[in-house]
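One letter stands for each residue in the lines below.
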Amino acid sequence: MAEIMPLSELGKHVGEEMGVSSWITLDQARCTGDHQWIHVDTERAARESPFGGTIAHGFLTLALIAPTTFEVVVSRVAPKSVVNYGLEKVRFHAPVRSGKRVRNRIRLAALEDRGNGRYLITTDNTIEIEGEIRPALQASALAIFMA
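Rules used in this analysis
- Residues numbered from 1 in each chain as written.
- Predicted model: local features only at pLDDT ≥ 70, side-chain atom pairs only at ≥ 80, totals over all residues.
- Heavy atoms only, no water.
- Helix = DSSP H or I, 4+ residues; strand = E, 2+ residues; numbered from the N terminus.
- Expected span 1.5 Å × (residues − 1).
- Bend = angle between axes of the 7 residues up to and from the residue.
- Buried < 20%, exposed > 50% of the residue type's maximum accessible area, 1.4 Å probe, protein only.
- Salt bridge = Lys/Arg side-chain N within 4 Å of Asp/Glu carboxyl O.
- Pairing = 2+ DSSP bridges.

Let's talk about helix α5 (residues 65-77)
In step 1: For α5, with 13 residues, the first-to-last C-alpha span of 17 Å sits near the 18 Å given by 1.5 Å per residue.
In step 2: Of all the bends found along α5, the most pronounced is centred on Glu71 and spans about 40°.
In step 3: Buried within α5 we find Ile65, Thr68, Thr69, Val72, Val73, Val74 and Val77.

See the structure below:
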């Protein structure tokens with residue numbers, strides 16, 4: 001599925017893995033934004049955290065679904081517009097330690113023709129942590145793609 005296809009043909013790929021995004025490093029600069037000490041205080045986190053250091057906020061990791069979906073899926077069908085529709089079955093399985101790299105493994109779970117060139121797309125997303133068995137999170141994401 002490397003070439004750009006018409007959005008109307010994407011449904012032929014339901015159930016298939018669409019691909020894996022590039023690696024993204026979640027360094028200390030990206031781990032901040034939530035002022036809880038486990039995200040921003042490197043010294044305290046090294047001393048007191050069960051993770052041995054600072055970790056990325058779970059919702060930051062969840063937010064990576066959007067740009068990685070653009071990289072893996074949207075670029076292959078080139079819709080005119082994409083609008084987030086919602087999330088289902090979000091589960092945070094493992095923390096992402098500062099400095100770790102993550103990527104999104106995306107499977108096309110469903111496609112529903114909504115008429116007028118609009119399609120409701122559901123993807124199953126697994127944010128993997130480099131070198132670790134457990135993923136950071138798994139979530140189903142829904143978006144409206146417009147042809």
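Focus on the environment of Phe70
In step 1: Within the secondary structure, Phe70 sits in helix α5.
In step 2: On a C-alpha basis, the gap between Phe70 and Val82 in space is 9.3 Å, while along the polypeptide they are 12 residues apart.

Re the pattern of salt bridges
In step 1: In total, this model carries 11 salt bridges according to the counting rule given.
In step 2: Its salt-bridge partner being Lys12, residue Glu9 comes within 4.0 Å of it at the nearest N-O pair.
In step 3: By relative accessible area, which is 33% here, Glu9 ends up partly exposed.
In step 4: The exposure class of Lys12 is exposed, given its relative accessible area of 61%.

What to know about the environment of His35
In step 1: By the secondary structure assignment, His35 is in the loop between α1 (28-31) and α2 (37-40).
In step 2: A C-alpha to C-alpha distance of 9.8 Å links His35 and His57, two positions 22 residues apart in sequence.

Here's the deal with the pairing of strand β5 (residues 118-129)
In step 1: Judged by how many residues are buried, β5 sits mostly within the fold: 10 of 12 residues are covered.
In step 2: Here strand β4 (residues 100-115) hands over to β5 after 2 residues, with Asn116 in that stretch at a positive phi of 55°.
In step 3: Two strands pair when backbone bridges link them, and β5 and strand β6 (residues 137-146) are joined in this way by 10 bridges, in the antiparallel orientation. Pairing of Thr122 across the sheet is with Leu142, part of β6.

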